[in-house]
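Residue strings, one per chain:
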Amino acid sequence: MPRIIFRDDDTSYFTPPQRLEAIYGRLWEAGLPVCLAVIPMVYADTRVYWTDGNPHDPSIPPPFRGRDQCFSILDNPELGDFLNEKAAAGLAEICLHGYTHVFYEFTTHDRALIRRKLERGLALLNQAFPAANVRTFIAPYDRLSPAAMEELIAAGFHISTQSLNLAPLPALPQLAGQGAAAMRGGQTLFVCDDYLFTYKRDPAQSLVRARAAMAGNELTIICNHYWMFYHPWRDRPNVPDYAAWNRLLDDVLGGETHQATTFDGFAQGDPD
Ligand SMILES: [Zn+2]
């Protein structure tokens, strides 16, 4: 049966568990897992330099934007308990999503800096989510230098990324679109070039693309940012995006055409 992986980026100190529940609660009720890319020590003055005007990162709540301060995942114990319980029940794979999540954080070639960020980030996630087995790395803004890629592989991580990061390392499987392949060393490389659901696209188009990806691939990675459904940081999910998302969940939960898995579960061959 074809597989589907739900990946959600940017859970951090600032993430209210209720927002994750609103997007993924139906999957969790059905016993299906979600992969959450978690920022260990989010920097509140992170700006997005590829967007006109260099706006603040949309995952940071407006009252905190611009503060020259980092916020540890350990200081949101409500989120810690919520996700640790999900991890213990096999409903969440906790993935390492950079360290502070500053723009292009892992495009550096400073190997000592990369190693320090990986070690500290992993230690924080292990402390916040002791039931989790953190094995997968997802780069902030999906950008990785070749040095970062090599350090991640040496540190034993599976990697979920975009194909544009692979070209400088021809020894890696040169995947594109949607897919996965084993790397030397035993870990798995996952590629997802289209996030499918994004607030910058007509929600009806997001749904069309997601359905086409599921119909055309043995593995589909649906990459969300939970904050996108609330953009720009409203109290409730915005109706068009949320409605389209729920249509996709109707397909997944009603159709039984796809097996939901995690990055690590896929890499291990999905033992039941
Ligand atoms: Zn991110």
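I will try to describe carefully the structure that is included in this document. Predicted model only: the values in this text are computed from it and were never measured. (Residues numbered from 1 in each chain as written. Predicted model: local features only at pLDDT ≥ 70, side-chain atom pairs only at ≥ 80, totals over all residues. Heavy atoms only, no water.)

1. A word on the coordination of the zinc ion
- Each protein donor to the zinc ion is listed here as Asp-10 (OD), His-97 (NE2) and His-101 (NE2); together their distances run 2.0 to 2.1 Å.
- One chain supplies every donor for the zinc ion, spaced along it as D-x86-H-x3-H. Across the pair, His-101 and His-97 agree in class, each one buried. (Donors = N, O, S within 2.8 Å, 3.2 Å for Na, K, Ca; no water. Buried < 20%, exposed > 50% of the residue type's maximum accessible area, 1.4 Å probe, protein only.)

2. Quick word on the packing of aromatic side chains
- Taken as a whole, this structure holds 22 aromatic pairs when the rule is applied.
- Here the aromatic rings of Phe-14 and Phe-64 are separated by 4.8 Å at their centres, their planes lie at 50°, and the arrangement is tilted. Linking Phe-14 in the loop between strand 1 (3–11) and helix 1 (17–29) with Phe-64 in the loop between strand 3 (41–43) and strand 4 (70–72), this pair joins segments that are 50 residues apart in sequence.
- Taken together, a centroid distance of 5.3 Å and an interplanar angle of 90° make the contact between Trp-50 and Phe-103 edge-to-face. (Phe/Tyr/Trp six-rings, centres within 6.5 Å; stacked < 30°, edge-to-face > 60°. Helix = DSSP H or I, 4+ residues; strand = E, 2+ residues; numbered from the N terminus.)

3. A short note on the nonpolar core
- Phe-6, Phe-129, Phe-137, Leu-144, Phe-197, Ile-222 and Trp-245 are the most contacted members of the largest nonpolar core, which has 64 residues in total.
- Apart from residues no more than four positions distant in its own chain, Ile-222 is found in contact with Ile-4, Ile-5, Phe-6, Arg-7, Leu-196, Phe-197, Ala-210, Trp-245 and Leu-248.
- Ala-37, Cys-95, Cys-192 and Phe-263 belong to the second largest nonpolar core, which has 12 residues in total. (Core = buried A, V, L, I, M, F, W, Y, C linked by side-chain atoms within 4.5 Å. Contact = heavy atoms within 4.5 Å.)

4. Here's the deal with the pattern of salt bridges
- Scanning the entire structure with this criterion turns up 14 salt bridges.
- In this structure, the salt-bridge partner of Arg-115 is Glu-151, at a minimum N-O distance of 3.0 Å. Of this pair, Arg-115 sits in helix 3 (residues 111–128) while Glu-151 sits in helix 4 (residues 146–154), placing them 36 residues apart in sequence.
- By relative accessible area, Glu-151 is classed as buried at 9%.
- Close ionic contact of Arg-209 with Asp-194 constitutes a salt bridge, the shortest N to O distance being 2.8 Å. Highlighted residues: Arg-209 in helix 5 (residues 203–216) and Asp-194 in the loop between strand 9 (188–192) and helix 5, separated in sequence by 15 residues.
- Taking the relative accessible area as the measure of exposure, Asp-194 reaches 22% and is therefore partly exposed.
- Taken together, the salt bridges that share partners define one network made up of Arg-111, Arg-115, Glu-150 and Glu-151. (Salt bridge = Lys/Arg side-chain N within 4 Å of Asp/Glu carboxyl O.)

5. Describing the side chain of Gln-162
- Considering the arrangement of structural elements, one finds Gln-162 in the loop between strand 7 (158–161) and strand 8 (178–182).
- Judged by its relative accessible area of 13%, Gln-162 falls in the buried class.
- Within the local environment of Gln-162, its side chain forms a polar contact with the side chain of Arg-143, the two groups lying 3.2 Å apart.
- If near-sequence neighbours (up to four positions away) are discounted, Gln-162 is found in contact with Asp-142, Arg-143, Cys-192, Asp-193 and Tyr-195. (Polar contact = N/O pair within 3.5 Å; in protein donor to acceptor, adjacent residues only side chain to side chain.)

6. Side note on the layout of surface pockets
- Each pocket or cavity is described by its volume, and for the largest pocket that value is around 570 Å³.
- Looking at the lining of the largest pocket, its residues break down into 11 nonpolar, 8 polar and 8 charged.
- Taken as a whole, the second largest pocket encloses approximately 350 Å³ of empty space.
- Lining the second largest pocket are 19 residues, with Pro-33, Gly-90, Glu-93, Thr-262 and Gly-265 sitting closest to its centre.
- Counting residues per element, the ones that place at least two in the lining of the second largest pocket are helix 2 (77–88), strand 5 (92–96), strand 11 (259–261) and helix 7 (263–267). (1 Å grid on protein atoms, 1.4 Å probe; cavity = no way out; pocket = protein on both sides within 12 Å on 5 of 7 lines; lining within 4 Å. Points joined across faces, edges and corners; volume = space filled by probe spheres on them. Nonpolar A, V, L, I, M, F, W, Y, C, P; charged D, E, K, R; others polar.)

7. Notes on the packing of helix 1 against helix 2
- In the contact formed by helix 1 and helix 2, the axes pass within 12 Å of each other and the chain directions differ by 15°. As the angle between them shows, helix 1 and helix 2 are arranged roughly parallel. Both helix 1 and helix 2 take part in a crossing whose hand is left-handed. Residues Pro-17, Gln-18, Leu-20, Glu-21 and Trp-28 of helix 1 touch helix 2, and the partners they reach there are Glu-78, Leu-79, Phe-82, Leu-83 and Lys-86.
- Looking at the contact of helix 1 with helix 2, its residues break down into 6 nonpolar, 1 polar and 3 charged. (Axes fitted to C-alpha atoms, helices over the stretch in contact; angles between N-to-C directions. Parallel < 35°, antiparallel > 145°, perpendicular 65-115°, else oblique. Left-handed = near helix turned anticlockwise from the far one by under 90°.)

8. Thoughts on the environment of Arg-234
- When you line up the elements, Arg-234 lands in the loop between strand 10 (219–225) and helix 6 (239–255).
- Sequence spacing of Arg-234 and Pro-61 is 173 residues, and the spatial spacing of their C-alpha atoms is 9.8 Å.
- Polar side-chain contacts of Arg-234 include one of 3.0 Å to the backbone oxygen of His-231.

These figures capture arrangement, not role.
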